[in-house]
Amino acid sequence: MGQEEDLELYRSRLLESLNGRSSRYLRDASDPIQVYVNERRVGELEGTGIGAMLRVQCVDHIDTVQLRTEEGTLLGGLVAPEHGFRTDRLRLSFDAIELCVHNTAQGGMLSALFIPAPGFWSRAWKSIAETVDRLVPHRLDAALAYGMRSVAFTQALLAVAVVGLVADRVTTWTWMTPEPTPSPVVQTASLPASPPVETARLGQQLDEVARIQAKIGEALASQQNGIVQLHQAVAKLSSTQESVVSSVVMVKEEVKEELEKRLEAVGREADRTTRHVASKGRVEQEQLEAAIHSLTADNDRLSKEVAGLEENNQALKTKLQAANASKAVDPNPDRLLARQTDASRQPLQLADSLPGSQQQPFLFWVTFSEGTSQESIDQWVNGMKGHKGAVNEGWQEVRIVPPPVPPDRFLEQIRGEKIVKAARISQ
Amino acid sequence: MSVTRMQNTVGKSQTMSDRTATASRLEEVVSTPDEFDQVVLQALPMLLDRATGSTKRFLRETGQWNDDIEHEKFALRWGSEYLERFLVCGRTEVPCRPLFLFDSLVAKQHSKPEPFCYHPDLLRPLGRFLDGLAARAVISRDALIALYHHVYGWGPGEVIAVTGLNGLESQRIYKNFRRWRDAGWQRTMDEMGLTKAELAELGSQQQRHRQRFNSEAEQLIRVAQAHYRKSEPNHYPCLSRSQWGEMFTQGYGCDYRIWHLALCLDCMQTAWGLGSNGSAIGEKPRLELQVRP
Ligand SMILES: [Zn+2]
Ligand SMILES: [Zn+2]
C-alpha cells in the first residue's frame, strides 16, 4: 500500500469514528463514570445510585470537565469560564449528569450530580398510583393533588395506602356496621370479629402495603429534583454561599436516610405479620390491629420528622432568597466593569454581538513597541475587554472574547495598532 | 477528498463551492446545541484538516516536524483528538461561532506546556504502539488495566494479586480485560493508525528477537510513561517501598496503586510482592511486551 493511500485510509477511519461517536455509545449502567478536570482524572461518579455526587476542589482554575466511560469514550463535558459559574446538564442516553463549575481567584470547584432516568420515577409513581387506585379508586385524584410536592407526596401515599386498607375493610364489613362511610382518619378502634378467610385477605393486603412501601422507598429520591433545582439556584450565587449548598445536600441525605430507615422498619414489621398469616392460616384480630396501629404510629412519627426537615429546608430556602436579594444589587461586578470600559477609548472595533454569553476566550500573544508604558498596555488590554495572561520572553499573553473576524485578519488588525510590535496566536 | 459530501448546502449560490459554504456557515453564530451539532457534523472533514493543519504548524514552529508519513499521522491523530473534544464541549458553548471557538480551543491546547508526547522514535510502529497504549490508559480504565497485560503479560488474576485489590474491585478488573479484548485494543490500534501489516511485523519481531524487542520497548515505554503520568490524579508521585507497603497493608489508595503501578516501571519493582499478602511471589517482574490483547 502506498503511503498516500495509507494516510488517506487513516484519515477516513478517524472521520468515521468521529462521525459514529454518538451512535456507538452504550454505557453499561453499572459502570462508574470517570470524571476529568483539565484533562486529568479526578475521580468517579457512580452511575447507578440515586443522587451520586462528586465534589472536586482545585487549586487551579477549572478549564475543562470531561466525562468518560471505562472504555474511554467521551460522554460529555464543558469548558468553564475563567471566572464565575457554568452549569450544564449532560444527557447520557436515559440518565443525566448535572455539572456545575465555579471558578474564583482561589481556584475552581466542580460538583457533578448523577440524575437517573426520568422514566425511573414515572415508573415508580405509576405502580404506586395503580396500587392505590385498586385500593381506593375514589380517592386517587385527591391523593395525587395533595401529594405532588416533594417529600409530602411520599407521606400522603403512605397514609392513603393505610387509609385504603382500613376503608376497604370497612366496606367489606358493612353488613356489620350501620354507617359505611369510610373515614379518612385511620381508625384503630375495635373491629368486629371476622371469618378466617377475611383475615387471610387482610393479611394479603398488609403484604401489599409492605410492597407499596418498598416502592415508596425508591420514590423518596424524587425529592432529588427539588434539591437539584435548589443547587442550581445556589450555584448562581457567589462562593460564600457554598456552605448553604452543603447543608442542603446534608439535609437531603438526612431525609433520605431517615425515611429509608423508617420504611425498612415498618416494612419488616408488616413482613413479619404477613409471614405469620401464611404459616398459621389464621391470625388473631388483635395482631392485625396492632400491626396496622404500628404502621399508623410509625407513619405519624415519620410525618412529624419530615415536617421538621421540611421546615429546615424552608429555612434554608429563605436564607437563600435573602442571599439572592442581597446579590441582586450587584449581580456581576465583572460585567459592570466591562460596561464602564465600554465608554472609554476602544482601539479595536470588537463586535459585542453575544453579550453575556460565556465563550471560550480567544488567546493570542503580543509584544509591544519600545518604550510603551505598562499603563498604556493595560489601557489597551482593557479597551478590548481582555485579560492579560502569562509573559514569556517578552511576549504577553492576552485573552479576549472571540473576535468576529477570522484569527488571521484579527492579527492583522492587532499588528496595525500603534503600541503593538508583533502579534501571533501560538506561544 | 470527501469534503464535498454535504447534504444541505446553504443554497443561495449554486456556484459557491460547498467547502466555502460550509466554512462560512461555521463562521456564523449558532444558538442551540442541536444547531451546533448539525452545522459541525456537516463540516467534520474540513475541521479535521484545519486542526491537523494547525498541529502541523505548531510542530514546525517548535522544531518537531519532518516531511514524512509518520509526522502526518501524528498531526492527524491529534487533530482528531481535538475535534472530538470540540464536538462534545462546543455544544455547551452556544451561542458561539463554531469556527472561532474551534480555533481558540486548538490554540489553547497548543499553548499548554508539552501538549503531546513527542519523540521521533515514538513515531515508528513500536513507538506508536506504546504511545497509543499509554495515551489511551490516561483516558480509559480498560486500557490502563490492559497495560499490565501488554507490559508484563499478566492476566486479571495476576493484576489483582499484584495491586492487592479486594473482591469488588476484582470484578471490575475482569470486566476491563474482557472489554479490552472485545473492542478496546482494536479501536486503539485503529486510532493510532497501526496497520495490520505493521502489527504483524511487531508480532514477528517479538517472536524472533525477543530480547532486543523488549529492551527497545523498555526505553520507549519509559518516555511515554513519564509523559502520561502527569495526567494522573493530583500527580500521584513515586513512593518508597515502606510507603507502598503502608498503603497495601492498610488497604487504602486503591486508585493510586492501580494508576501509578501501571504507568511506572520503577515503582512496580519497588512495590513488588506487597500485594499478595506477603507470600512469596517469585522473581521481580520483567518487561515482556505483548502485542495482542
Ligand atoms: Zn455549585
Ligand atoms: Zn513511580
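Quick look at the structure, then.

What counts, and where the lines are drawn
Throughout this document, residue positions are counted from 1 along each chain, in the order its sequence is written. Each chain takes a letter, starting from A, and each ligand takes a number, starting from 1, following the order in which they are written. Per-residue local features of the predicted model are confined to residues with pLDDT of at least 70, and side-chain atom pairs are confined, for both listing and counting, to 80 or more; whole-chain, interface and lining totals are unaffected and use all residues. Working from all heavy atoms in the structure, the side-chain values ignore hydrogens and water. A run of H or I in DSSP counts as a helix once it spans at least four residues, and a run of E counts as a strand once it spans at least two, with each numbered from the N terminus. Whether a residue is buried, partly exposed or exposed follows from its accessible area with a 1.4 Å probe, protein chains only, as a fraction of its type maximum: under 20%, in between, or over 50%, in that order. Any nitrogen, oxygen or sulfur atom within 2.8 Å of a metal ion counts as a donor, with the limit raised to 3.2 Å for Na, K and Ca, and since water is left out, coordination shells can look unfinished. For a four-donor site, all angles between 85 and 135 degrees give tetrahedral; for four or six donors, opposite pairs above 155 degrees with the remaining angles between 65 and 115 give square planar or octahedral; all remaining cases count as irregular. Polar contacts, as used here, are pairs of N or O atoms within 3.5 Å; protein pairs need one atom able to donate a hydrogen and one able to accept it. Residues neighboring in sequence count only if both atoms are side-chain atoms. A contact between two residues is defined here by any heavy atoms of the two lying within 4.5 Å. Planes of paired rings set the category: under 30 degrees apart is stacked, over 60 is edge-to-face and the rest tilted, where pairs are Phe, Tyr or Trp rings (Trp by its six-membered ring) whose centres lie within 6.5 Å. Consider the ring centre and the ring normal. A charge sits over the ring if Lys NZ or Arg CZ is within 6 Å of that centre and within 35 degrees of that normal.

**A closer look at unusual backbone geometry**
Between B:V94 and B:P95 the backbone carries a cis peptide bond, its omega angle lying at -5 degrees. Within the fold, B:P95 resides in the loop between α4 (69-90) and α5 (98-110). With phi around 50 degrees, A:N38 is a residue other than glycine that occupies positive phi space. A relative accessible area of 26% places A:N38 in the partly exposed class.

**Considerations on the coordination of the zinc ion (ligand 2)**
All names here are of chain B. Within the protein, C238 (SG), H260 (NE2), C264 (SG) and C267 (SG) serve as the donor atoms for the zinc ion (ligand 2), at 1.9 to 2.4 Å. Geometry at the zinc ion (ligand 2) is tetrahedral, judged from its 4 donor atoms and the angles of 103 to 113 degrees they form at the metal. For the zinc ion (ligand 2), the single-chain donor residues occur in sequence as C-x21-H-x3-C-x2-C. With C238 in the loop between α11 (210-228) and α12 (241-250) and H260 in helix α13 (residues 254-262), this pair connects stretches of sequence that are 22 residues apart. Among the residues examined, C238 registers a relative accessible area of 43% and is labelled partly exposed. Using a relative accessible area of 0% as the deciding quantity, one classes H260 as buried.

**Quick word on the side chain of B:T92**
Locating B:T92 in the fold gives a position in the loop between α4 and α5. Here B:T92 falls in the buried class, since its relative accessible area comes to 12%. A polar side-chain atom of B:T92 sits 2.7 Å from the main-chain carbonyl oxygen of B:C89. Setting aside its immediate chain neighbours within four residues, B:T92 contacts A:G77, A:L78, A:V79, A:R86 and A:D88.

**Description of the packing of aromatic side chains**
Going through the model one piece at a time under the given rule, you end up with 15 aromatic pairs over all chains. Ring geometry for B:W154 against B:W272: centres 5.8 Å apart, planes inclined by 20 degrees, an arrangement best described as stacked. Of this pair, B:W154 sits in the loop between α7 (141-152) and α8 (156-163) while B:W272 is found in the segment after α14 (265-270), placing the two residues 118 residues apart along the sequence. When sorted by exposure, B:W154 lands in the same class as B:W272, which is buried. Ring pairing ties together the aromatic residues B:F58, B:F74, B:W78, B:Y82, B:F116 and B:Y118, which thus form one cluster. Stacked on the ring of A:Y36, the Lys or Arg A:R68 has its end atom at 5.9 Å from the ring centre.

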